[in-house]
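Read off the chains here:
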Amino acid sequence: MDGPVNQENPPTEENEEEVAPLPENGGKKAAAAANGGRKKAGPAANGVGSWAVDSENAGVSAMHIQLMPNNKAVWYDSTSNGLSEIKLNPPACKPRVGGRQNDPQLDCTAHAIEYDIHTAEIRPLKVDFSPWCSSGGLSRDGNLISTGGDKDGFRAVRILKPCPTCNFQENSKALYTNRWYATQHALGDGTIVLVGGRNAYNYEIVQPDTLQFTPKLVGLPLLEQTSDDGGRENNLYPFVNLLPDGNLFIFANYKSIILNPATGKIVRPLPDLAGGSRNYPASAMSALLPIDLRTTAEEDVEVLVCGGNTREAYTFADLQQPKRTFLPASRNCGRLRVNVEGAEWETEDMPSPRVMGDMLLLPNGDVLMLNGAKAGTSAWDSADIPNLTPVLYSPNKKKGDRFRELAPTTIPRMYHSVSAVLPDGKVLVAGSNTNALYKMKKYNDKFKFPTELRVEKFLPPYLAPELEDYRLEITEADSDKEIKYGEKFSVGIKVKGSFQVTRDDIKVTMYSPPFTTHGYSQNQRLLILKVRRLQNGRITVVAPPSGNLAPPGYYLLFVVYGDVPSRGIWVNIQ
């Protein structure tokens, strides 16, 4: 960036800013139009987005997904539900588990892949112990730590390093107890907490990046209290978030608490959220809303929970087979300031009902809701009426103005579908398998919804072509990629178009790419960082002060101008 520094105020650490060069013909007018007349607001993204198919056949239907620091997306389903549509390479076979009776007795297919987000190239991965309905996340070293699963994977830990030839390293008996439908979250010191799972009314803390450790098991009565009888459960994959004080927010079914993970003591019970059940199989969506470190005190941390179904919905959808009744999903959202004593849930309705959807934090601080159905619950063939229309939620707008429907897809993404925010700001969408094996037309299978192997990318409104000139570019060579807690670091930027950019126009966000499965994105958080200076094409930014705000590891860093984020770069904080 070559513009002069604005000298109306003498440059100091607090007010120093740069103005990019103005154009000679019309750039100021264009910038004002993009701003909607708002001073120093930057361009607004008012479109509806668009969709594109990225791959016609990924070989493995995505049930779990993690974006890796090498810009590969890793996803997998199960080793216990028959054959996939891609062979392992190098070849490796073992006795088939599940599938059709006339399928080959040996399973020589891959049940995990590494997907190049730029080229759509696929590398099959070998996984031995079934990761079906498992948990996961990135470690401080940038490895995928996968935990739990079913059958021979109940107590498994798997480690996948981001390298061109790496495969999973596994220990099938590493965990203290079975973790099937559990939630994994990084703590402030880089250790990992595993919460719940089927018949697991407890949590355990494990060391990352190793297959040999002594886990610490702690009882968690909340999970037993919230497990609905008659097989309904409604408290699997509990929503878990690390708070700035090091405590955990844990939500199960309709109840939530603040928990001290070191002692197992409940710091404070929180009010119940009315409106039905919110966890698997009722399967609502949830996220910790962006934390603004420029202004936010600890008491301003908020969580959002949307969708789900009634406490009885799973009974009607799955437990009364062959008769199935798909109750309408919930439209209700609850929002809570979790660190404020006496705070109550603020509720409002989404534009459409949704169960089994994904909730992703976008680089500009908006929230994207997509995938899922309008009726029924999770489980095989237990939902109906695909919800094809994504919804954008803008948390900083006033109640009543926060929701906006976006461009619909044409591909149903039902049970076992996933999504992931990519460094370029697009959203990768994959999976959907409501069947106990891969069912497709080519096998003359009968199904309501096929096993989906197509991969899409959704382009949010900020990627509209007319906004491209307003997209700032991070210059990686001029940017710090290794950062330390509480210290300043530098981000280099360039302006593509001819318009003014000042410090007040931009924000710098830091995103933890989550592990997403069954409608919940584990480890997801977005921080808005303090910007100290904008000068000579460099932004001086202050890193988060502690691991409780940003557990150590790898994050995507974006510079956002108005509603429009730059392409992100990977940074590592320790």
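Residues numbered from 1 in each chain as written. Predicted model: local features only at pLDDT ≥ 70, side-chain atom pairs only at ≥ 80, totals over all residues. Heavy atoms only, no water.

**Describing the overall build of the protein**
Where we set the bar: Helix and strand assignments come from DSSP, with helices taken as H or I runs of at least 4 residues and strands as E runs of at least 2, each series counted from the N terminus. Just to be clear, the radius of gyration here is over C-alpha atoms, and the globule rule we use is 2.2 Å times residues to the power 0.38. Per-residue accessibility, obtained with a 1.4 Å probe over protein chains only, is compared with the maximum for each type, and a residue is labelled buried under 20%, exposed over 50%, and partly exposed between these values. Contacts: residue pairs with any heavy atoms within 4.5 Å of one another. Under the convention used here, a 1.4 Å probe and the Shrake-Rupley method define accessible areas, while residue burial counts only the protein chains that appear.
On a plain count of helices and strands, the protein comes out with three helices and 44 strands. A globule of 574 residues ought to have a C-alpha radius of gyration of about 25 Å, and the protein, at 23 Å, matches this closely. Counting only C-alpha atoms, the protein reaches 75 × 50 × 45 Å along its principal axes. The buried share of the protein, reckoned over its 574 residues, is 62%. Pairs at least 24 residues apart make up 63% of the contacts formed inside the protein by residues separated by at least 6 positions. A total accessible area of about 21300 Å² is found for the protein, and carbon and sulfur atoms account for 48% of it.

**A short note on the confidence of the model for the protein**
To keep it simple, the criterion reads: The score called pLDDT rates the predictor's confidence residue by residue, from a low of 0 to a high of 100.
Here the protein shows a mean pLDDT of 92. Residues at 70 or above account for 92%. Every residue in residues 1-40 scores below 50 in pLDDT, and together they form 79 contacts with partners more than four places removed in sequence or on other chains.

**A few points about empty space enclosed by the protein**
Any empty space left between atoms is shown by rolling a water-sized probe over those atoms. This is how it is decided: Think of a 1 Å grid over the protein atoms and nothing else: a 1.4 Å probe that fits but is trapped marks a cavity, an open set flanked by protein within 12 Å on at least five of seven lines marks a pocket, and residues with an atom within 4 Å of a point count as lining. Grid points are joined across faces, edges and corners, and a volume is the space filled by probe spheres set on the points. Each residue gets one of three labels, nonpolar for Ala, Val, Leu, Ile, Met, Phe, Trp, Tyr, Cys and Pro, charged for Asp, Glu, Lys and Arg, and polar for the others, Gly among them.
Taken as a whole and judged by the stated rule, the model has seven cavities of 30 Å³ or more. Estimates place the volume of the largest cavity at around 130 Å³. Lining the largest cavity, in full, are Leu138, Ser139, Ala186, Ser512, Pro513, Asn523, Arg525, Pro551, Pro552, Gly553, Tyr554 and Tyr555. Top element by residues in the lining of the largest cavity is strand S42 (residues 553-561). It accounts for three residues. Of the residues contributing to the lining of the largest cavity, the split by class is seven nonpolar, four polar and one charged. For the second largest cavity, the calculated volume is near 100 Å³. For the lining of the second largest cavity, the residue count by class is six nonpolar, eight polar and one charged.

**Looking at the state of the cysteines**
In plain terms, the rule: We call a pair of cysteine sulfur atoms a disulfide whenever their separation is within 2.5 Å.
Within this structure, the stated rule accounts for three disulfides. With a sulfur-sulfur separation of 1.9 Å, cysteine 93 is cross-linked through a disulfide to cysteine 108. As the torsion about the S-S bond is roughly 110°, the cysteine 93-cysteine 108 disulfide counts as right-handed. Residue cysteine 93 is located in the loop between strand S3 (72-76) and strand S4 (94-95), and its partner cysteine 108 is located in the loop between strand S5 (106-107) and strand S6 (112-116); the two are separated by 15 residues in the primary sequence. Disulfide pairing places cysteine 163 opposite cysteine 166 at an S-S distance of 1.9 Å. With the S-S dihedral at roughly 110°, the linkage between cysteine 163 and cysteine 166 falls on the right-handed side.

**A few points about the pattern of salt bridges**
Rules: Take a side-chain nitrogen of Lys or Arg and a carboxyl oxygen of Asp or Glu: if they are within 4 Å of each other, that pair is a salt bridge.
With the rule as written, the count across this model stands at 27 salt bridges. Note that arginine 454 and glutamate 452 form a salt bridge whose closest N and O atoms lie 2.8 Å from each other. Lysine 481 is paired through a salt bridge with glutamate 476; the nearest N and O atoms lie 3.9 Å apart. Residue classification places lysine 481 among the partly exposed positions, given a relative accessible area of 30%.

**Thoughts on the packing of aromatic side chains**
To keep it simple, the criterion reads: Geometry of aromatic contacts follows a simple scheme: Phe, Tyr and Trp rings, the Trp one being its six-membered ring, pair when their centres are within 6.5 Å, and the pair is stacked under 30 degrees between planes, edge-to-face over 60, tilted otherwise.
All told, the structure shown has 19 aromatic pairs when counted by the stated rule. With centroids separated by 5.6 Å and ring planes inclined at 15°, the aromatic side chains of tryptophan 132 and tryptophan 380 adopt a geometry described as stacked. With a gap of 248 residues between them, tryptophan 132 in the loop between strand S7 (122-125) and strand S8 (135-138) and tryptophan 380 in the loop between strand S27 (373-376) and strand S28 (383-386) connect regions that are remote in the sequence. A network of ring pairs unites the aromatic residues Trp132, Phe154, Trp180, Tyr181, Tyr237, Tyr280, Trp380 and Tyr415 as a single cluster.

**Describing the side chain of lysine 457**
What counts here: Pairing of N or O atoms within 3.5 Å defines a polar contact, subject to two protein rules: one partner must be a possible hydrogen donor and the other a possible acceptor, and residues neighboring in sequence count only if both atoms are side-chain atoms.
Position of lysine 457 among the secondary structure elements: in strand S33 (residues 455-459). A relative accessible area of 8% means that lysine 457 is categorised as buried. Among the polar contacts listed, one links the side chain of lysine 457 to the backbone oxygen of isoleucine 117, at a separation of 2.5 Å. Beyond its immediate sequence surroundings of up to four residues, lysine 457 is in contact with Ser50, Trp51, Ala52, Asp54, Ile117, Leu422, Lys426, Val427 and Leu428.

**With respect to the sheet that holds strand S30 (residues 403-405)**
Here is the rule: Should DSSP find at least two bridges between two strands, the strands are taken to pair. To define axes, lines are fitted to C-alpha atoms, for helices over the stretch in contact only, and angles between the resulting N-to-C directions are given on a 0 to 180 degree scale.
Read from one edge of the open sheet, four strands run S25-S26-S29-S30, paired in antiparallel fashion. The open sheet has two free edges, formed respectively by strand S25 (358-361) and S30, since each of these has just one partner strand. The sheet shows a mean angle of 25° between the axes of neighbouring strands, taken without regard to direction. Of the strand pairs in this sheet, S25 and strand S26 (residues 367-370) are connected by four bridges, and their pairing is antiparallel. Looking at S26, one finds that methionine 359 is bridged to methionine 369.

**A word on unusual backbone geometry**
Looking along the chain, the bond that leaves tyrosine 280 and enters proline 281 is cis, with omega of 5°. Mapped onto the fold, proline 281 is located in the loop between strand S19 (266-270) and strand S20 (285-288). Glutamine 321 connects to proline 322 through a cis peptide bond whose omega is 10°. Within the fold, proline 322 resides in the loop between helix H3 (313-319) and strand S23 (332-337). For aspartate 209, which is not a glycine, the phi torsion comes out positive at approximately 60°. Secondary-structure assignment places aspartate 209 in the loop between strand S14 (202-206) and strand S15 (216-219). Even without glycine at this site, alanine 379 takes up a positive phi of about 110°.

**Structural notes on the environment of leucine 428**
Take leucine 428: it is sitting in strand S32 (residues 427-431). In this structure, the C-alpha to C-alpha distance between leucine 428 and valine 53, residues 375 residues apart in sequence, is 9.7 Å. Setting aside chain neighbours within four positions, we find leucine 428 in contact with Ile65, Trp75, Tyr115, Ile117, Val418, Ser419, Ala420, Leu422, Val455, Glu456 and Lys457.

**Some details on the nonpolar core**
As a reminder, the rule being used: Residues belong to a common nonpolar core when they are buried Ala, Val, Leu, Ile, Met, Phe, Trp, Tyr or Cys residues joined through side-chain atoms within 4.5 Å.
Ranked by internal contacts, the top residues of the largest apolar core, which has 109 residues, are Trp75, Met369, Ile539 and Leu557. Examining the composition of this core, we find that seven residues originate from one element, S42, more than from any other. Residues Trp132, Ala383, Met414 and Tyr415 belong to the second largest nonpolar core, which totals 18 residues.

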